[in-house]
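Commentary on secondary and tertiary structure
The residues making up each chain are set out below.
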Amino acid sequence: MPLNNLVEVGYNPTTGFIWLKHQNSFEHYYKVVKKSSRYDEEIKGFIEDRQIKKLRGVKAKEMVWVPISNISVDDSNSPKITFATPMGFSLTFAAASFEAEAEQQ
């Protein structure tokens, strides 16, 4: 996720609760995976080992905008990142796809 326009970040180490506040909501297109994401002004969730659960404020564009509720990264030699929706659908990509884009910015 691009971190431009970030105005506040918080983390509660006891519960794992995190939040990020941006000046405004925005969309970002990930070229490597050819997907768009929409980020609300406030994004929040709970961080655990290699995953974010109960995520709020992030949507992905498939045919329509769908909320992303969980993000997890496996710990294999070639890690994959999985984005899951509250409806039970998920998409998995090579984690390196997102690392490469972050390095380009």
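Let me begin by describing the structure that accompanies this report. Computed from a prediction, not measured in an experiment: that's the story for all the values here.

Tracing the chain through its elements places Ser 97 in helix H1 (residues 95-104). Dropping the residues within four chain positions of it, Ser 97 is found in contact with Val 32 and Val 33.

Next up on the list: the side chain of Thr 85. One can find Thr 85 in the loop between strand E8 (80-84) and strand E9 (90-94). Among the residues examined, Thr 85 registers a relative accessible area of 11% and is labelled buried. Ignoring any residue separated from it by four or fewer positions in sequence, one finds Thr 85 in contact with Val 66, Pro 67 and Ser 69.

So, about the nonpolar core. Formed by 16 residues in total, the largest nonpolar core has its most connected members in Tyr 39, Ile 43, Leu 55, Val 58, Ile 68, Ile 71 and Phe 83. Among the elements of the structure, strand E2 (17-22), strand E3 (26-30), strand E4 (35-48), strand E5 (51-61) and E8 are those that each provide at least two residues to this core. It is E5 that provides the largest number of residues to this core, a total of three residues. Here Val 58 is in contact with Arg 38, Tyr 39, Ile 43, Val 66, Pro 67 and Ile 68, once residues within four sequence places are set aside.

Another point: the pattern of salt bridges. Should their charged atoms come close, side chains of opposite charge can pair. Inspection of every chain in the model, using the stated rule, returns three salt bridges. Where Glu 48 meets Lys 53, a salt bridge forms, and the shortest distance between an N and an O atom there is 3.6 Å. When its relative accessible area of 40% is taken as the criterion, Glu 48 is described as partly exposed.

The backbone phi angle of Lys 34 is positive, close to 55 degrees, even though this residue is not glycine. Inspection of the secondary structure assignment puts Lys 34 in the loop between E3 and E4. Exposure remark for Lys 34: the relative accessible area of 62% places this residue in the exposed category. Positive phi, normally seen in glycine, also occurs at Arg 50, with a value near 65 degrees. Within the secondary structure layout, Arg 50 lies in the loop between E4 and E5.

To continue, consider the packing of aromatic side chains. Aromatic rings considered in pairs are described by the distance between their centres and by the relative angle of their planes. One pass over the structure, following the stated rule, counts four aromatic pairs. Cluster of aromatic residues (ring-pair linked, three or more members): Phe 17, Trp 19 and Phe 46. A cation over a ring is seen here: Lys 54 above Phe 46, with NZ or CZ 5.8 Å from the ring centre.

Topologically, Val 66 is positioned in strand E6 (residues 65-67). With relative accessibility at 16%, the residue Val 66 sits in the buried group. A sequence separation of 19 residues divides Val 66 from Thr 85, and the C-alpha atoms of the two residues are 7.1 Å apart. Filtering out sequence-adjacent residues up to four positions away, Val 66 remains in contact with Val 58, Lys 59, Ala 60, Thr 85 and Met 87.

For the rest of this paragraph, the subject is the pairing of E8. Bridge analysis of strand E7 (residues 70-73) against E8 gives four bridges, and the strand direction is antiparallel. Looking at E8, one finds that Ile 71 is bridged to Phe 83. With antiparallel pairing between neighbouring strands as the criterion, E7 and E8 make up a hairpin whose turn holds six residues. Direction of pairing for E8 relative to E9: antiparallel, over a ladder of five bridges. Residue pairing in the sheet places Ile 81 in a bridge with Phe 93 of E9.

The rules we used
Residues numbered from 1 in each chain as written. Predicted model: local features only at pLDDT ≥ 70, side-chain atom pairs only at ≥ 80, totals over all residues. Heavy atoms only, no water. Helix = DSSP H or I, 4+ residues; strand = E, 2+ residues; numbered from the N terminus. Contact = heavy atoms within 4.5 Å. Buried < 20%, exposed > 50% of the residue type's maximum accessible area, 1.4 Å probe, protein only. Core = buried A, V, L, I, M, F, W, Y, C linked by side-chain atoms within 4.5 Å. Salt bridge = Lys/Arg side-chain N within 4 Å of Asp/Glu carboxyl O. Phe/Tyr/Trp six-rings, centres within 6.5 Å; stacked < 30°, edge-to-face > 60°. Lys NZ or Arg CZ within 6 Å of the ring centre and 35° of its normal. Pairing = 2+ DSSP bridges.

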